[in-house]
Amino acid sequence: MNLLDTIIKAAPEAHIVTETDGIQIVAVTPEELPAAAQALAQRPEGAMDFLYDLTGMDWGEEGLGVLYQLESTATGERIILRTQTTDRERPLLPSVSTLWPTAEIKEREAFDFLGIRFTGNPDMRRLYLREDWKGYPLRKDYDATANELTLDNEINADTTEEYTLRPDGTLECHEHQLFGNDDFVVNIGPQHPSTHGVLRLRTALDGEVIRHVDPILGYIHRGIEKMAERMTYPQTLAMTDRLDYLSAHQNRHALCRCIEGAMELEVPERAEYIRTIMDELQRIDSHLLFYSCLAMDMGALTPFFYGFREREMILNIFEETTGGRLIQNYNVIGGVRADLHPDFCNKTKEFIVHLRQVLPDYHNIFTGSIIAKTRLEGVGRLSREQVIGLGATGGTGRASGWANDVRKRHPYAVYDQVDFEEVVRTEGDSMARYLVRMDEIEQSCRIIEQLIDRIPEGPVRTKTKPIIKLPEGIFTASVEASRGAFGVLLESRGDKSPYRLHFRSTGLPLVHTMDTACRGAKLADLIAIGGSIDFVIPDIDR
Amino acid sequence: MKTDEFKNNDYLQRLVDKLNADGAGIVLTTLDEAINWGRSNSLWSLTFGTSCCAIEFMALGAARYDMARFGFEVTRNSPRQADMIMVLGTITWKMASVLRRLYDQMADPKYVVAVGGCTISGGPFRGSYHVVEGIDKIIPVDVYIPGCPPRPEAFFYGMMQLQRKVKAERFLGGRNHKESRPKEETQTDETAE
Amino acid sequence: MNYYDINSLNQSIHGTLSSLMPEGLAITLEGIAVGLLIIVLYALLAIVLIYMERRVCAAFQCRIGPNRVGGRGGLLQVPADVLKILTKEIISLRHADRFLYNLAPFLVILASIFSFACLPWNQGAEILRMDIGIFFVLAASSIGVLGILLAGWSSNSKYTVIGAVRSGAMIISYELSIGLTVLTMVLLSGTMDIQEIVMEQEHLWNIFRGHIPALLAFCVYLIAGNAEANRGPFDLAEAEQELTAGYHTEYSGMHFGFFYLAEYLNLFITAGIASTLFLGGWMPFHIPGLDGLNAVMDWIPGVVWFVGKTFAVVFLLMWIRWTFPRLRIDQVLTLEWKYLMPLSLVIVLLMTLCVIFGLVL
């Protein structure tokens, strides 16, 4: 039975709205959504068990709605469910968090931005904005003057709210206790050396043992999605580099692909090669930083300097060609901004030779160390079901046996022309997450080696009109960023700026796994688990 | 005090003029100079990275740039023990109260370095509903380092300007710099709660 | 052999002073002079150690390290830091237990000064000499943990409490191993007087005399001593990446400076006791039978030997610190209670048997 039939069987009113990039968008009514979702999640021939993303939308007069991007880990089929409610005063939609645990946090995001309440979600607090925030910023009618900058400390509730719908249509609110009076709650962050940014983890401790972790986000929420609605398409590109600055190239690649796909613009082959190489260099850069930071988080300071020493070489290569060290602004719609520096190929080749020589040193000083082994092995175990349910892609998912590499599953750029292995391990602990990334460095080297001598001659950029307008519709694109699947969802109404631009944050599901991974572990493990899961906060908060 | 060093910076030049104009006693000035030498060469920064600039700051500490050479050896994670706060990255409305609190928690004398476009004016995120457009709205800033993110060399230049500023300050017997604000005593959990 | 004995010097100073003034006053004056000497030496050593640490870690980390302040070697970097810390504001907290909060840094520094005063610098150059010298060092150094516990508790902050509790659990555990390994050496030497322990090693250092048990005891002592000094990989109490600054998170200015100084001096004391017990203290390197070599070695003053050996051990400990990741608290305790403590008991037994049956060299 194909996907559409499955849905229609459970939800007779469902119908296809449109299609993007080969993915059908199926509209379902809110009443039928639970049945349709259940049927998809438990579909016998390839369950749609991976909720890739959940995007809240404001369609103005048509009401508020949500897009569910679903994917089957078995077959790789994809589908987008669309549901909406016309009630703008009291928008209610059924929660799907029992089917896909990752929805728990993503529904909170939709609530925070658009005010859609999800009945049945056990945690309906705001996710990014202060709890005393007025209004929902991603609504089209949001009043930007409703809030004022305040220096008062934010009071955080110790309880969460769950709404359920009574049969007579009224709302019922339960409170769930997050932290009891006898909990020893330690605030880790927002200003803390090991949270990789301004993440705040409220941690209930029992001695040194973690009872549970409640991540509080939004300390670097810059409102990028809202800002993008006022920008022209080339301008929106600048935002992507600043999401996950260690996946700057890949993020921008995703948005460029999305816009190019919508414009049906052909990208020169040389540009595709350059993009692929740059993506992989960026991945090595990011993984080296991961190694450095993990070691530093665990108290070993010397490996930190090793990682940075090699990272500087990549930055040199970047800088020569793109002009930027961390944020390169290199990909543009239709190709890349400038041609490669004449030394690029030689330097990259030299670098890879050098990196291969020093990688054993990395392993000698850190991986082989007995302390590192005992600190990482068996700690923060995540099972395959858990990572899929929580949507934890990238190295974290692959360490738990879930092959989720976008480069393999839905190849883009020139990834289908290169030979590389998807590193998958089955242990699911911190050590596996660490080793997956270290092995990925070698795979990235392989990819670059295969491509570097084959870069075709030709232009690096297809000329575009100065003002870019996209046709109406919903467009998506995803790439494998340094720490997992990064996606873009763009709705255009034919203007020169997007109607809605949503980024699938790689880190949000990763942070969501912290509670699962840390329960029962020690306080010191929290740091090691956080380091090995490897998230970047600006990417989460957007 | 040698004034030549400060020729290229009007602000510091004014500080030096003011310092020399009052003509303090020789003992006091000598002592002041010694203390300022110590203070300027030992500016320990609070690690306060919120986004991209923090990575460049890490690069600054790493082997190639090695800020330990200039006396920025130690970065303290506790605001009580830090001499300056390097604000590295966008400050959002939710973070503003935390930043202010961290600043209040620091022991005097303390300095603020605003790094990157975001901290100076909101940078690329100016106009957003949740971004503070310049941290000088929250805390007094001593040095601005523009860039997005600034290069490590720019960091060094900015940090050296701060060293110069410290040298041109008066430590004993009155201040010639920043307005003195009423200091609130704060007791906290280090990280804001 | 007199090994540059300075006892005669001491006596002549005392004699001169006594002839000038009543003996009581002379002793008071000498006491003040020695006290000042300790404090100055303490501060100077801390500066040297901090400088050394910066240089050593820079070298391990492929960096240059301080090289601007005070010439190319950055020699004046640490004095600048000291000057800075001295002029820094000392914050007082509203909700802290003020008395204990202010007392804690002094307890920590007091403990390390007490132990520091027992180190045998040279023949006749010990400051505190008593029959139970090594026992006194153990007792005095345990005051330090009290200071840490008080610091953590009185700051009224969660991070500091966690740091203090960790430190308490760890130091009290590791004191067992230290006690037992010290006991091993006391068994071998037959005395607790530090100077006599050194004199006992006139023919051969203890680590060679006691061969296998002594070597094992040396290793155990180094691990436990490292833990006792709160240094990586046992720096859980400070654990920068977990607890921001651990038990001294809320301290600023010179209060923090005291903790900082004590940390480095404890490192020196740990190394100093190790070199006294195992490597002969100020005793030159002797090999029985090779009189020529022994005579040459005797040319080098005892204080050079002592400082040299101690700094060698300090370097070893720094090397360890900058190489390994930090242990977790349960692993630290497991290491002590399941491995080191039983091992130290076995070492004590082995050493007793060796001594009884005359199997020592």
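Parameters at a glance
Residues numbered from 1 in each chain as written. Chains lettered and ligands numbered in written order. Predicted model: local features only at pLDDT ≥ 70, side-chain atom pairs only at ≥ 80, totals over all residues. Heavy atoms only, no water. Contact = heavy atoms within 4.5 Å. Buried area = accessible area lost by both parts, 1.4 Å probe. Salt bridge = Lys/Arg side-chain N within 4 Å of Asp/Glu carboxyl O. Polar contact = N/O pair within 3.5 Å; in protein donor to acceptor, adjacent residues only side chain to side chain. Helix = DSSP H or I, 4+ residues; strand = E, 2+ residues; numbered from the N terminus. Nonpolar A, V, L, I, M, F, W, Y, C, P; charged D, E, K, R; others polar. Expected span 1.5 Å × (residues − 1). Buried < 20%, exposed > 50% of the residue type's maximum accessible area, 1.4 Å probe, protein only. Disulfide = S-S within 2.5 Å. Patch = residues over 30% accessible without salt bridge, like charges linked within 9 Å, V, L, I, M, F, W, Y side chains within 5 Å. Areas by Shrake-Rupley, 256 points an atom, 1.4 Å probe, with all protein chains shown as cover. Pairing = 2+ DSSP bridges. Axes fitted to C-alpha atoms, helices over the stretch in contact; angles between N-to-C directions. Parallel < 35°, antiparallel > 145°, perpendicular 65-115°, else oblique. Left-handed = near helix turned anticlockwise from the far one by under 90°. pLDDT = per-residue confidence, 0-100. Core = buried A, V, L, I, M, F, W, Y, C linked by side-chain atoms within 4.5 Å. Domains from an automatic or database assignment.

**Details of the interface of chain C and chain A**
Part 1: Taken residue by residue, the interface counts 24 residues in chain C and 34 residues in chain A.
Part 2: Summing the contributions of chain C and of chain A, the shared interface buries around 2500 Å²; its carbon and sulfur component is 61%.
Part 3: Taken as a group, Gln241(C), Pro325(C) and Arg328(C) account for 26% of the area that chain C buries against chain A, more than any other trio of residues on that side.
Part 4: For the pair chain C and chain A, the interface holds three salt bridges.
Part 5: Residue Asp525(A) pairs with Arg328(C) through a salt bridge whose shortest N-O separation is 2.8 Å.
Part 6: At the boundary of chain C and chain A, one finds eight residue pairs in polar contact (both at pLDDT 80 or more).
Part 7: Every element with two or more residues in the side of chain C that touches chain A is listed here: α7 (158-189), α11 (240-243) and α15 (329-356) of chain C.
Part 8: Among the residues forming the side of chain C that touches chain A, the class breakdown is 11 nonpolar, five polar and eight charged.

**Considerations on helix α14 (residues 302-321) of chain C**
Three- or four-residue spacings in an α-helix give side chains the same orientation, since the helix completes a turn every 3.6 residues.
Residue and element names in this part refer to chain C.
Part 1: A rise of 1.5 Å per residue sets the reference length of α14, with its 20 residues, at 28 Å; its end C-alpha atoms lie 29 Å apart and thus fit the reference within 8%.
Part 2: The set of residues buried in α14 consists of Gly302, Trp305, Phe306, Lys309, Thr310, Phe311, Val313, Val314, Leu317, Met318 and Arg321.
Part 3: Check the buried side of α14 and you find it contacts α2 (23-60), α10 (211-228), α12 (253-277) and α13 (291-299).

**Quick word on the state of the cysteines**
All names here are of chain C.
Part 1: Considering all chains together, one arrives at zero disulfides over all chains under this definition.
Part 2: No disulfide involves Cys62; its nearest neighbouring cysteine sulfur is the one of Cys57, lying 11 Å away.
Part 3: On the accessibility criterion, Cys62 (34% relative accessible area) is partly exposed.

**Things to note about a nonpolar patch on the surface**
Part 1: Taken together, the side chains of Tyr4(C), Trp299(C), Ile300(C), Val303(C) and Val304(C) make up a nonpolar region of the molecular surface, amounting to roughly 490 Å² of accessible area.
Part 2: For Ile300(C), the location among the structural elements is in the loop between α13 and α14.

**Section: the sheet that holds strand β15 (residues 473-481) of chain A**
All names here are of chain A.
Part 1: Pairing is antiparallel in the open sheet, where three strands are placed in the order β15-β16-β17. In this open sheet, the two strands that pair with only one neighbour each are β15 and β17 (500-504). Pairwise comparison of adjacent strand axes, ignoring direction, gives a mean angle of 15° for this sheet.

**With respect to the pairing of strand β8 (residues 159-165) of chain A**
Residue and element names in this part refer to chain A.
Part 1: Two strands pair when backbone bridges link them, and β8 and strand β9 (residues 171-177) are joined in this way by seven bridges, in the antiparallel orientation. Residue pairing for β9: Thr164 is matched across the bridge by Glu172.
Part 2: Hairpin connection between β8 and β9: a loop of five residues separates the two successive antiparallel strands, and Gly169 in this loop has a positive phi of roughly 95°.

**Some remarks on the packing of α2(C) against α14(C)**
Residues and elements named next belong to chain C.
Part 1: Where α2 contacts α14, the two axes come as close as 10 Å, and the packing angle between them is 45°. The pairing of α2 with α14 is recorded here as oblique in orientation. Considering how the two elements wind past one another, α2 and α14 form a crossing that is right-handed. Of α14, the residues touching α2 (which contributes Leu45, Val48, Leu49, Met52, Glu53, Val56 and Phe60) are Phe311, Val314, Phe315, Met318, Trp319 and Arg321.
Part 2: When the residues that make up the contact of α2 with α14 are grouped by side-chain class, the tally is 11 nonpolar, no polar and two charged.

**Examining helix α7 (residues 269-297) of chain A**
All names here are of chain A.
Part 1: Relative to the 42 Å expected for 29 residues at 1.5 Å per residue, α7 spans 41 Å between its end C-alpha atoms, a close match to the ideal helical length.
Part 2: Across the 29 residues that make up α7, a large majority, 27, are buried.
Part 3: A positive phi of about 95° marks Gly299, the residue just after α7.

**Focus on the interface of chain A and chain B**
Part 1: Between chain A and chain B, the contact holds 54 residues from the first and 46 residues from the second.
Part 2: Note on chain A versus chain B: buried area summed over both sides is about 4200 Å², and carbon and sulfur give 64% of it.
Part 3: One can count three salt bridges joining chain A with chain B.
Part 4: Inspection of the chain A/chain B interface yields 12 residue pairs in polar contact (both at pLDDT 80 or more).
Part 5: Of all the elements in the fold, those that place two or more residues in the side of chain A that touches chain B are α4 (224-228), α7 and α8 (301-322) of chain A.
Part 6: Partitioned by chemical class, the residues of the side of chain A that touches chain B number 30 nonpolar, 11 polar and 13 charged.

**With respect to the confidence of the model for chain C**
Part 1: Of the residues in chain C, 99% have a pLDDT of 70 or more, and the chain-wide mean is 84.
Part 2: Confidence metrics for the complex model read pTM 0.87 and ipTM 0.84.

**Regarding the nonpolar core**
Part 1: Grouped together as the largest cluster of nonpolar side chains are 182 residues, with contacts concentrated most on Phe366(A), Leu526(A), Ile85(B) and Ile91(B).
Part 2: At 11 residues, the largest contribution of residues to this core is made by α7(A).
Part 3: Each of two domains, domain 1 (1-137) and domain 2 (224-541) of chain A, supplies a minimum of three residues to this core.
Part 4: Setting aside chain neighbours within four positions, we find Ile85(B) in contact with Leu46(B), Phe48(B), Leu99(B), Leu102(B), Tyr103(B), Met106(B), Tyr111(B), Val112(B) and Val113(B).
Part 5: Val78(C), Ile85(C), Leu279(C) and Ile329(C) belong to the second-largest nonpolar core, a separate cluster that totals 99 residues.

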